[in-house]
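An overview of the molecular structure
This is what each chain is made of:
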Amino acid sequence: MQMPGGFVKAKIKASELKEVLDAVSKIAEIATLEIEKDGMATKVVNDSNTIMMSVDIPSSAFEYFEADGGEITINLVRFLDLVSVAGKDDVLCLEIVQHGDKKQLEIGIGQLKYHMALLAPEAARKVPKVPEFDLPALVALGGSEFRHVVKAADRVSDDVGGLVTLGMDDEAFFVHAKDSIEELEFRKPITQLARCKPGGARSTFGLAYLWNMSRASEKSNEVVLEIGIDYPLLMKFDLEGAR
């Protein structure tokens, strides 16, 4: 088991870190970052254990990265608030420093330096073990297009507790949503998809689930959806060098 804290010294563009923090903080407020010599990673789960996100930020995504391993638990929302002070072209300097008898995350933005308290590991929700998926259908969409479709589904749903069906047949990827008086159907032929794995798949999800995930992936050039038959949805997308 790794020791909490550890040594890390890194530099990264503010715009790139903002995008990652914005996506992850939509799922969970607190996360534990695992720090390795080759980068950082985290897994978070929402309060109802219905959405899990895994993020890897390789050392290549940083302008400078040096670490000896360890882990830190932080408030992602507060971290994002501090990072948002930086301009788009600013470079952030991140370092674990000793402050009195406690370790803190130091965030340097030009002449500014913030010291952010680290949290106890138990403050982060425990992430359940997830089995390997081998789902029959796969479709790739732009992040903005997926967000557009989910927004359209929201217009015909009675409330945020509504249901949306995603599926794929031999001809197209489809999305279906309805309420008591209105209905939405979206179909995109296989020939118009950047890439896909056609197969008989159809699963229904809560609109709130898809709403959060589409918000997190909206800025990604490509969102890969793996769909089964009445099975959890597996989503993959890249954000400024992070996956």
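Here is what the cut-offs are and how they apply
- Residues numbered from 1 in each chain as written.
- Predicted model: local features only at pLDDT ≥ 70, side-chain atom pairs only at ≥ 80, totals over all residues.
- Heavy atoms only, no water.
- Helix = DSSP H or I, 4+ residues; strand = E, 2+ residues; numbered from the N terminus.
- Buried < 20%, exposed > 50% of the residue type's maximum accessible area, 1.4 Å probe, protein only.
- Contact = heavy atoms within 4.5 Å.
- Areas by Shrake-Rupley, 256 points an atom, 1.4 Å probe, with all protein chains shown as cover.
- Lys, Arg positive; Asp, Glu negative; His and termini not counted.
- Charge placed at Lys NZ, Arg CZ, Asp CG, Glu CD.
- Axes fitted to C-alpha atoms, helices over the stretch in contact; angles between N-to-C directions.
- Parallel < 35°, antiparallel > 145°, perpendicular 65-115°, else oblique.
- Left-handed = near helix turned anticlockwise from the far one by under 90°.
- Nonpolar A, V, L, I, M, F, W, Y, C, P; charged D, E, K, R; others polar.
- Core = buried A, V, L, I, M, F, W, Y, C linked by side-chain atoms within 4.5 Å.
- Pairing = 2+ DSSP bridges.

1. A closer look at the overall build of the protein
Secondary structure assignment for the protein yields four helices and 16 strands. C-alpha atoms of the protein, sized along the principal axes, occupy 60 × 35 × 35 Å. For the protein, buried positions account for 47% of its 243 residues. For the protein, the proportion of contacts with a sequence separation of at least 24, taken over those separated by at least 6, is 70%. Accessible surface, the protein: about 13100 Å² in total, of which carbon and sulfur atoms supply 49%. Considering the protein, the positive charge centre built from 28 side chains and the negative charge centre built from 39 side chains are found 3 Å apart.

2. Some points on the packing of helix α3 (residues 143–155) against helix α4 (residues 207–217)
Across the interface, α3 lies against α4 with an axial gap of 9 Å and an inter-helix angle of 150 degrees. Relative to α4, the element α3 is oriented roughly antiparallel. In the crossing of α3 with α4, the sense of the turn from one axis to the other is left-handed. Here G143, F146, R147, V150, K151 and D154 of α3 lie close against α4, whose contacting residues are L207, L210, W211, S214, R215 and S217. Residues belonging to the contact of α3 with α4 are distributed by class as follows: five nonpolar, three polar and four charged.

3. Some details on the nonpolar core
By size, the foremost hydrophobic cluster in this structure holds 70 residues, and its most contacted members are F79 and L225. For this core, the element with the highest residue contribution is helix α1 (residues 14–25), accounting for six residues. Among all residues touching L225, those that are not within four sequence positions of it are A137, L138, V139, L141, F146, F173, L233, L234 and M235.

4. Details of the packing of α1 against helix α2 (residues 76–83)
Packed helices, taken two at a time, are described by the angle between their axes plus the distance between the axes. Interhelical geometry of α1 versus α2 gives an angle of 155 degrees and a closest axis separation of 10 Å. Regarding the angle of α1 to α2, the classification is roughly antiparallel. Note that α1 runs across α2; the crossing there is left-handed. Contact residues: A14, L17, K18, L21, D22, V24 and S25 in α1; L76, V77, F79, L80 and V83 in α2. For the contact of α1 with α2, a count of residues per class yields nine nonpolar, one polar and two charged.

5. As for unusual backbone geometry
Its identity as a non-glycine residue notwithstanding, D230 has a phi of 50 degrees, on the positive side. You can see D230 is positioned in the loop between β15 (223–227) and β16 (234–237).

6. Digging into the pairing of strand β14 (residues 201–206)
What you see with β14 is a clean split: A201, S203 and F205 sit on the buried side and R202, T204 and G206 on the side with no burial. Here six bridges tie strand β10 (residues 163–168) to β14, and the two strands are oriented antiparallel to one another. Bridge pairing in β14 links V164 to F205.

7. So, the sheet that holds strand β9 (residues 137–141)
Ordered by their spatial adjacency, four strands build an open sheet running β13-β9-β15-β16, and the pairing between neighbours is antiparallel. Since the sheet does not close on itself, it has two edges, and those belong to β13 (196–197) and β16, each with one partner. By the bridge criterion, four bridges tie β15 to β16 in an arrangement that is antiparallel. Counterpart to V224 in the pairing with β16 is K236. Along the sheet, α4 contacts β15 and β16; its crossing angle with β16, the most-contacted strand, is approximately 15 degrees.

8. A short note on the pairing of β9
Most of β9 is tucked away, with five of its five residues classed as buried. Along β9, one buried face is formed by A137, V139 and L141 and the opposite face, lined by L138 and A140, is buried too. As paired strands, β9 and β15 are joined by five bridges and run antiparallel to one another. The residue bridging A140 from the neighbouring strand is V224, located in β15. Looking at chain direction, β9 and β13 are connected through two bridges and run antiparallel. The residue of β13 that forms the bridge with L138 is K197.

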